[in-house]
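# Structure assessment
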Protein chains: 2
Amino acid sequence: MSQPSVWYELISVCPHTKARRGRLHTPHGTVETPAFMPVGTQGSVKTVSAEDLELMGFEQILSNTYHLSLRPTGDRLEKLGGLHKFMGWMGSILTDSGGYQVMSLSNMRDMKEEGVTFKSHLDGRQMFLSPEKSIQLQKQYGVDISMCLDECPPYPCSREEAATAMERTHRWAHRNLEARTEGQAVFGIVQGGVHMDLRTESAGYMSALPFEGFAVGGVSVGEPSEMQYPVVTHTAPLLPADKVRYLMGVGHPADILHAVSSGIDLFDCVLPTRMARHHALYTLQGRANISNKKWEEHDGPVDEDSVFPPLERYSAAYLKHLFKANEPLGPRLASLHNLWFYGRLMREIRDAIETQSWPELMARYAKA
Amino acid sequence: MSQPSVWYELISVCPHTKARRGRLHTPHGTVETPAFMPVGTQGSVKTVSAEDLELMGFEQILSNTYHLSLRPTGDRLEKLGGLHKFMGWMGSILTDSGGYQVMSLSNMRDMKEEGVTFKSHLDGRQMFLSPEKSIQLQKQYGVDISMCLDECPPYPCSREEAATAMERTHRWAHRNLEARTEGQAVFGIVQGGVHMDLRTESAGYMSALPFEGFAVGGVSVGEPSEMQYPVVTHTAPLLPADKVRYLMGVGHPADILHAVSSGIDLFDCVLPTRMARHHALYTLQGRANISNKKWEEHDGPVDEDSVFPPLERYSAAYLKHLFKANEPLGPRLASLHNLWFYGRLMREIRDAIETQSWPELMARYAKA
């Protein structure tokens, strides 16, 4: 078998934790891990452009199969040369399978073994998604990494529902793999809810299949972090050490630090851009609400230690003014700030593993 | 008398028209004229930042005294070190006087000789604007150029109304000048509506006063271009040749070309950014509606000859998608495109005057 298009290289392991320093090799470049993927739901990371992402040092982003299938559609993206060319991003791209959005966004859906029939949240048009269809769409997008279509149960759900969704996810895993075409990388997804025995079973089942990487799914679906952390701690080490490990949809900086220390390599989350649009700036001192009156005449950054250098010229007072005046530059500057904060967090995580200084890193981000 | 803080240097005159190539020297740098000022109404040119404006080569922007007086307020801007520092823009800034917004935005107003009492369009708070107050606010903002408070009558208005507004503008001109403080540049404004004899009278009256520059006001207030052009053609040459000439609120590329050929040096207009938010891109082939179905699979720019180099990677199909999907990146990329188009127009205007190739320039922009 030839070298797969996507493969993981383990560089070193943290002496204090299970954190791994590695590299994910993809057709669109190497991703230094642990890594965070900004989320470009509809082929655009909200308010920022491809060159902004390059400037901030990101190497891989996530986009959403469900949204792209509605517009511009898989056929059109294929015709236009794929998602990379379409959005002007020449770094690596991973797309989710669409399963999560079908569950969370569409009102009417009919889940069967063959696949799920649902109505578009945009125009009510009836659509159908199956493992084969999801893999085919992601192939049309031309992304570096496609995700398996899984069944992701909401939280809370009964043990029986979690088991049923897990079992369907396992059966569908084979169909995802069979639908895969030459050179297309597919990651498997572990389910099992908050039940450790199901997680053990799912990790074991998936690990035996020839995926290029493995994700922990069904996390960050509404459960409190005291339930999320044990699932991550339990599941991550059960995944193959020679493949990349991806925790879907996570999360807050503290969640990422926890998951990395459990052995997770890859993250995506809408928080930095969504929080930015809701006036919240990440800093080493915690999240700051830029609309708070206290910034009104603050002639400096919100946190001296959390300044994205190109934004140095903008004071907290200016940012607060932009939000108050509904200027579109406000959400943009805040998004750049937050994405840069996440990018820096990941760089410092990688450094801390290499320099064996994990405790110092945890102390630095203790309030973040 | 010492060198004024703002002065105009005439370099050459077009052999084909009355167009002037010059330089406007200001405390925050030299502005090559003819020049276009992007409009940053509330201390932000919508969707773009100070470094974007630098990248596009702009040297002077306009901001609005009325809006800034409501928020962040003159007192706060002064406390924070002025508008340049506040918005991170180290180029030159001109502010209008607030008179136009008082007329166009506030519902309740009471115009008296002393000044105008009006209600804020934001919260209904009662405010007062007079020549002295306007000049004081612009001083607090710390801008390079302040404009006289004038009375700008709407279109249409009777000859009598135009004359009355002009006469008040003349009386107020003295109060504007008396309120001026050391080192503060103030431009006078010529009124007179569409009446050539009033324009002659107003230009003569204003030209005799010690302003650092002169504006043609009361244009672009709703009148058709067949009425705007004669006013500009008539008035511009009546203004002192050794001072800069500014046509307020104009306009379309064709309007700018016409006004430059009449001897105007300075322009401001919301069109490039406003049109961008309404899906319209300026090109040498005319304005293109990016939401038109024909761009859906157009894998290239809207106009090969109108591409802002940093946006080269984005196709018309991508831009159309961004607007359709309500992605905030759409208005931003369109604004950058349009502002760059205007910036390039002005560069090519300056080149055409220098190289005596005005007819070729007019041919190039014939459809724009």
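Our structure is the block above this text.
Just so it is clear, the structure is predicted and the values come from calculations on it, not from any experiment.

Now for the relation of the copies chain A and chain B. With an RMSD of 0.0 Å, chain A superimposes on chain B once it is rotated by 180° and translated 0.0 Å along the axis. What the superposition gives is, in effect, a two-fold axis relating one chain to the other. Closest to the rotation axis within chain A is the C-alpha of P328 of chain A, separated from it by 4.0 Å. Mapped onto chain B, 100% of the interface residues of chain A are again interface residues, and the two copies thus contact each other with one and the same surface.

Here we come to the side chain of D96 of chain A. All names here are of chain A. The residue D96 is located in the loop between strand 6 (92-95) and helix 5 (99-105) in this model. Buried and unpaired, D96 has R274 as its nearest opposite-charge partner, separated by 11 Å. Here the side chain of D96 touches N64 through a polar contact of 2.5 Å, side chain to side chain. Contact partners of D96, with chain neighbours within four places excluded, come to S63, N64, T65, Q101, Q138 and M147.

Residue and element names in this part refer to chain A. In total, this model carries 48 salt bridges over all chains according to the counting rule given. Its salt-bridge partner being R168, residue E151 comes within 3.2 Å of it at the nearest N-O pair. Taken together, the residues E151 in the loop between strand 10 (145-147) and helix 7 (159-179) and R168 in helix 7 connect sequence positions 17 residues apart. In this pair, the class of E151 matches that of R168, namely buried.

Right, let's get into the interface of chain A and chain B. Listed by partner, the interface residues are 36 residues for chain A and 36 residues for chain B. Buried surface at the junction of chain A and chain B, both sides included, amounts to about 3500 Å², of which 47% is carbon and sulfur. Contact with chain B buries area across many residues of chain A, yet E297, R313 and H321 of chain A alone supply 17% of it, more than any other trio. Taken together, the connections running from chain A to chain B amount to 14 salt bridges. One salt bridge in this structure joins R313 of chain B and E54 of chain A, with 2.8 Å as the shortest N-O distance. The interface formed by chain A and chain B holds 29 residue pairs in polar contact (both at pLDDT 80 or more) in total. Grouping the constituent residues of the side of chain A that touches chain B by class yields 15 nonpolar, seven polar and 14 charged.

Residue placement: Q184 of chain A occurs in the loop between helix 7 and strand 11 (185-190). In contact with Q184 of chain A, other than residues within four places in its own chain, are S5, I135, Q138, K139, S146 and E212 of chain A.

On to the packing of aromatic side chains. Counted according to the given criterion, the structure contains 18 aromatic pairs over all chains. Ring centres of F86 of chain A and Y318 of chain B lie 5.0 Å apart, and the angle between their planes is 80°; on these two criteria the pair is classed as edge-to-face. A residue pair is termed interchain when its members come from two chains, as with F86 of chain A in helix 4 (residues 83-87) and Y318 of chain B in helix 12 (residues 316-324). No difference in accessibility class separates F86 of chain A from Y318 of chain B, as the two residues are buried. A centroid spacing of 5.1 Å and a plane angle of 85° characterise the contact between Y282 of chain A and Y342 of chain A, whose relative ring orientation is edge-to-face.

With that out of the way, let us pick up unusual backbone geometry. The linkage connecting R71 of chain A with the following residue, P72 of chain A, adopts the cis geometry, with an omega of 5°. On the secondary structure map, P72 of chain A appears in the loop between helix 2 (65-70) and helix 3 (74-79). In this structure, the amide linkage connecting T33 of chain B to the following residue, P34 of chain B, adopts the cis form with an omega of 0°. Within the fold, P34 of chain B resides in the loop between strand 3 (29-33) and strand 4 (35-37). In this model, H279 of chain B sits at a positive phi of 75°, which is unusual for a non-glycine residue.

Regions of empty space are outlined by a rolling probe, equal in size to a water molecule, passed over the atoms. Residues and elements named next belong to chain A. Using the criterion set out here, one finds six cavities of 30 Å³ or more in the structure. Its boundaries defined by the atoms lining it, the largest cavity holds a volume of some 140 Å³. Residue lining of the largest cavity: 13 residues in total, with P301, L311, Y314, L319 and H337 positioned closest to the centre. Within the residue set of the lining of the largest cavity, elements represented by two or more residues are helix 12 (316-324) and helix 13 (329-354). Grouping the amino acids of the lining of the largest cavity by side-chain chemistry returns ten nonpolar, two polar and one charged.

For the rest of this paragraph, the subject is the sheet that holds strand 1 (residues 7-13) of chain B. All names here are of chain B. As summarised here, the arrangement of the three strands in space is 1-2-3, forming an open sheet in which the pairing is antiparallel. At either margin of the open sheet sits one strand with a lone partner, and together these are strand 1 and strand 3. Going from strand to strand, the sheet's axes swing by 15° on average, the running direction of each strand aside. By the bridge criterion, five bridges tie strand 2 (residues 20-26) to strand 3 in an arrangement that is antiparallel. Residue pairing for strand 3: G22 is matched across the bridge by T33. Set on the sheet, helix 13 (residues 329-354) makes contact with strand 1, strand 2 and strand 3; between it and strand 2 the angle comes to about 125°.

All names here are of chain A. Read from one edge of the open sheet, three strands run 7-8-9, paired in antiparallel fashion. In the strand order of this sheet, the two ends are held by strand 7 (109-111) and strand 9 (126-129), each with one partner. With strand direction ignored, the average angle separating the axes of adjacent strands in the sheet is 20°. In this sheet, strand 8 (residues 116-119) lies alongside strand 7 in antiparallel orientation, the contact comprising three bridges. Its bridge partner being in strand 8, R109 is matched across the sheet by F118.

Time to look at the pairing of strand 12 (residues 213-216) of chain A. Residues and elements named next belong to chain A. Taking every second residue as pointing to the same face, both faces of strand 12 are buried, with G213 and A215 on one and F214 and V216 on the other. In terms of strand pairing, strand 11 meets strand 12 through four bridges, oriented parallel. Along strand 12, the bridge assignment pairs I189 with A215. After leaving strand 12, the chain enters helix 9 (residues 225-235) and then returns to the sheet as strand 13 (residues 244-247), a path that is right-handed.

Residues and elements named next belong to chain B. Structurally, M227 can be placed in helix 9 (residues 225-235). According to the relative accessible area criterion, M227 is partly exposed, its value standing at 30%. In this view, M227 contacts Y155 and V194; residues no more than four positions away in its chain are not counted.

Analysis parameters
Residues numbered from 1 in each chain as written. Chains lettered and ligands numbered in written order. Predicted model: local features only at pLDDT ≥ 70, side-chain atom pairs only at ≥ 80, totals over all residues. Heavy atoms only, no water. Least-squares fit on C-alpha atoms with pLDDT ≥ 70 in both. Contact = heavy atoms within 4.5 Å. Helix = DSSP H or I, 4+ residues; strand = E, 2+ residues; numbered from the N terminus. Buried < 20%, exposed > 50% of the residue type's maximum accessible area, 1.4 Å probe, protein only. Lys, Arg positive; Asp, Glu negative; His and termini not counted. Salt bridge = Lys/Arg side-chain N within 4 Å of Asp/Glu carboxyl O. Polar contact = N/O pair within 3.5 Å; in protein donor to acceptor, adjacent residues only side chain to side chain. Buried area = accessible area lost by both parts, 1.4 Å probe. Nonpolar A, V, L, I, M, F, W, Y, C, P; charged D, E, K, R; others polar. Phe/Tyr/Trp six-rings, centres within 6.5 Å; stacked < 30°, edge-to-face > 60°. 1 Å grid on protein atoms, 1.4 Å probe; cavity = no way out; pocket = protein on both sides within 12 Å on 5 of 7 lines; lining within 4 Å. Points joined across faces, edges and corners; volume = space filled by probe spheres on them. Pairing = 2+ DSSP bridges. Axes fitted to C-alpha atoms, helices over the stretch in contact; angles between N-to-C directions. Right-handed = clockwise from strand over helix to strand, strands pointing away.

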